[in-house]
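Examining the three-dimensional arrangement
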Amino acid sequence: MRFGAPWSTSVKWITGITVTFLAILVVFGISQVEEIGSGSSILLALLTVVLPALVLVLSACWMIRGFVLSGDSLLIQRLGWQSKLDLTELVSAEADPEAMDKSLRTWGNGGLFCFCGRFRNTKLGAYRAYATDPKRSVVLKFQDQTVVVTPDRPDDFVARIKDRTGF
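Computed from a prediction, not measured in an experiment: that's the story for all the values here. (Residues numbered from 1 in each chain as written. Predicted model: local features only at pLDDT ≥ 70, side-chain atom pairs only at ≥ 80, totals over all residues. Heavy atoms only, no water.)

1. Brief notes about the side chain of T146
Going by this rule: We count a stretch as a helix when DSSP gives it H or I for four or more residues in a row; a strand needs E for two or more, and each element gets its number in order from the N terminus. When accessible area is computed with a 1.4 Å probe and restricted to protein chains, residues below 20% of their type maximum are described as buried, those above 50% as exposed, and intermediate ones as partly exposed. Throughout, a residue-residue contact means that at least one pair of heavy atoms, one from each residue, lies within 4.5 Å.
Here T146 is to be found in strand β10 (residues 146-149). Judged by its relative accessible area of 13%, T146 falls in the buried class. Here T146 is in contact with A126, Y127, R128, V139, L140 and K141, once residues within four sequence places are set aside.

Structure follows, in structure tokens:
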């Protein structure tokens, strides 16, 4: 069963502003490299053309496109690949629209195409997020970790997981 991953307003704004800024930087870098035409232009090209383009491409690859419940696994669909979570060690699943509130990112992406990586807050402690809309959060507690996902239909998602895992 597939669930979508709609973007929150904050992901749309962060992505839009960041993509615009990086695109302007690339255009500026290309125009400057053509004007300078010296050895220093290689460093300028790296900083203003290659690096921003690399950030965009890598961030887009980690974008979350949806969630698929398949057997005992949750597949997190990305752009061209997927991450897999084994649900056999799942202890609980709960929809909680406030789960990611007041979170601090400790490692990962803070809003360019998604919120993905390691986060921490007082409510959940340390957790891993695969999120596009924090208000649709579903908290998955495993024996050794906590994971937050944000499917388009959180209550239906939790019901389907409970049907599959039997808890």
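2. Thoughts on the pairing of strand β9 (residues 138-142)
The side chains of a regular strand alternate, first on one face of the sheet and then on the other. Going by this rule: Each pair of strands is called paired provided DSSP finds at least two bridges between the two strands.
In terms of residue burial, β9 counts as a mostly covered element, since four of its five residues are buried. Judged from the five bridges that link them, strand β5 (residues 90-95) and β9 form a sheet pairing that is antiparallel. Residue pairing for β9: L90 is matched across the bridge by F142. Across four bridges, the pairing between β9 and β10 is antiparallel. Across the sheet, V139 pairs through a bridge with V148, a residue of β10. Between β9 and β10, which pair antiparallel in sequence order, lie three residues.

3. Quick notes on the sheet that holds strand β7 (residues 115-121)
Let me state the cut-off plainly: With axes taken as lines fitted to C-alpha atoms, and helix axes fitted only over the stretch in contact, angles between N-to-C directions fall between 0 and 180 degrees.
Read from one edge to the other, the open sheet built from six strands follows the order β5-β9-β10-β8-β7-β6, with strand pairing classed as mixed. At either margin of the open sheet sits one strand with a lone partner, and together these are β5 and β6 (104-110). The sheet shows a mean angle of 20° between the axes of neighbouring strands, direction not considered. Note that strand β8 (residues 125-131) and β10 share three bridges and pair parallel.

4. A short note on unusual backbone geometry
A positive phi angle, close to 55°, is found at K102, a residue other than glycine. Here K102 lies in the loop between β5 and β6. Its relative accessible area of 82% is what places K102 among the exposed residues. Here the phi dihedral of F113 falls at roughly 75°; this positive angle occurs in a residue that is not glycine. Looking at where F113 falls in the secondary structure, it is placed in the loop between β6 and β7. Relative accessible area serves as the criterion here: at 10%, F113 is assigned to the buried category.

5. Here's the deal with the pattern of salt bridges
Selection rule: By salt bridge we mean one thing: a side-chain nitrogen of Lys or Arg within 4 Å of a carboxyl oxygen of Asp or Glu.
Per the counting criterion, the structure on display carries six salt bridges. With its nearest N and O atoms 2.9 Å apart, the salt bridge here joins D133 to R136. Between D156 and R153 there is a salt bridge; the shortest N-O distance is 3.2 Å. The exposure class of D156 is partly exposed, given its relative accessible area of 25%. According to the relative accessible area criterion, R153 is partly exposed, its value standing at 33%.

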